[in-house]
Amino acid sequence: MSDAPIQTVPLATELGLKVWHTTSWPSHISGMILKNKDKGGTSGYAIFVNGTHHVNRRRFTTAHEIAHFVLHENMIGDGITDDALYRSKLTGGIEAQANRYAAGILMPITLINQALSEGINTIEALAERFQVSKSSMSIRMGVPYE
Ligand SMILES: [Zn+2]
């Protein structure tokens, strides 16, 4: 098991996905996964991430697109685009599943427990350790976030 923060691009690479950052998109697009002969990895798929977003958000987007590949390869066809709220042509239930899987990639429970045992036990400190947003960490820990 890797240490926190989990590195999303090497994980994608291991799965045969190539990750690209795009700086020409409007901020309401988070990312996409596309079948692309030239830009794709050994799986044939490429992940494109909005490079203008904050690094924590880019990491979540990469993990979210990895989730679509792992869980939904049979549904994504030639590709899908996720907006800022991680909505796409797939159903809300499928998107929620991708979000949960992405949270599991970025915040594995074993590493959370390890951090807690080291005394890292606030949402802020955990979010910093795992390089995720405070809202992502709050959801993962099941505590309200305001
Ligand atoms: Zn999605």
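Values in this document were obtained by computation on a predicted structure and should not be read as measured data.

**Thoughts on the coordination of the zinc ion**
With distances of 2.0 to 2.7 Å, the protein atoms coordinating the zinc ion are H64 (NE2), H68 (NE2), D82 (OD), D82 (OD), E95 (OE) and E95 (OE). Considering all six donor atoms around the zinc ion, angles at the metal cover 53 to 153 degrees and the coordination shape is irregular. Mapped onto the sequence, the donors of the zinc ion take the spacing H-x3-H-x13-D-x12-E. Taken together, the positions of D82 in strand β4 (residues 79-83) and E95 in helix α3 (residues 92-106) put the pair 13 residues apart, joining distant regions of the chain. In terms of burial, D82 and E95 fall into one category: buried.

**Quick look at the pattern of salt bridges**
Following the criterion strictly, the structure yields two salt bridges and no others. Close ionic contact of D83 with R87 constitutes a salt bridge, the shortest N to O distance being 2.8 Å. Take D83: its relative accessible area is 18%, and that puts it in the buried class. Residue R87 is classed as exposed on the basis of its relative accessible area of 52%. Notably, a salt bridge pairs E118 with R129, separated by 2.6 Å at the nearest N-O pair.

Each value, and the rule that gives it
- One numbering rule holds for all chains: residues counted from 1, following each sequence as written.
- Only residues with pLDDT of at least 70 get local features here, since the model is predicted, and only at 80 or more are side-chain atom pairs given and counted; chain-wide, interface and lining totals rely on the full set of residues.
- Calculated side-chain values reflect all of the structure's heavy atoms, with hydrogen atoms and water omitted.
- Coordination partners: N, O, S within 2.8 Å of the metal, 3.2 Å for Na, K and Ca; water not considered, so apparent gaps in a site are possible.
- A site with four donors is called tetrahedral when every donor-metal-donor angle falls between 85 and 135 degrees; four donors are called square planar, and six octahedral, when opposite donors sit more than 155 degrees apart and all other angles fall between 65 and 115; any other arrangement is irregular.
- The numbering of helices and of strands both runs from the N terminus, where a helix is a DSSP run of H or I of at least 4 residues and a strand a run of E of at least 2.
- Note on exposure labels: buried denotes an accessible area under 20% of the residue type's maximum, exposed denotes more than 50%, and partly exposed covers the range between, all computed with a 1.4 Å probe on protein chains only.
- We define a salt bridge as a contact between a side-chain nitrogen of Lys or Arg and a carboxyl oxygen of Asp or Glu at a distance within 4 Å.

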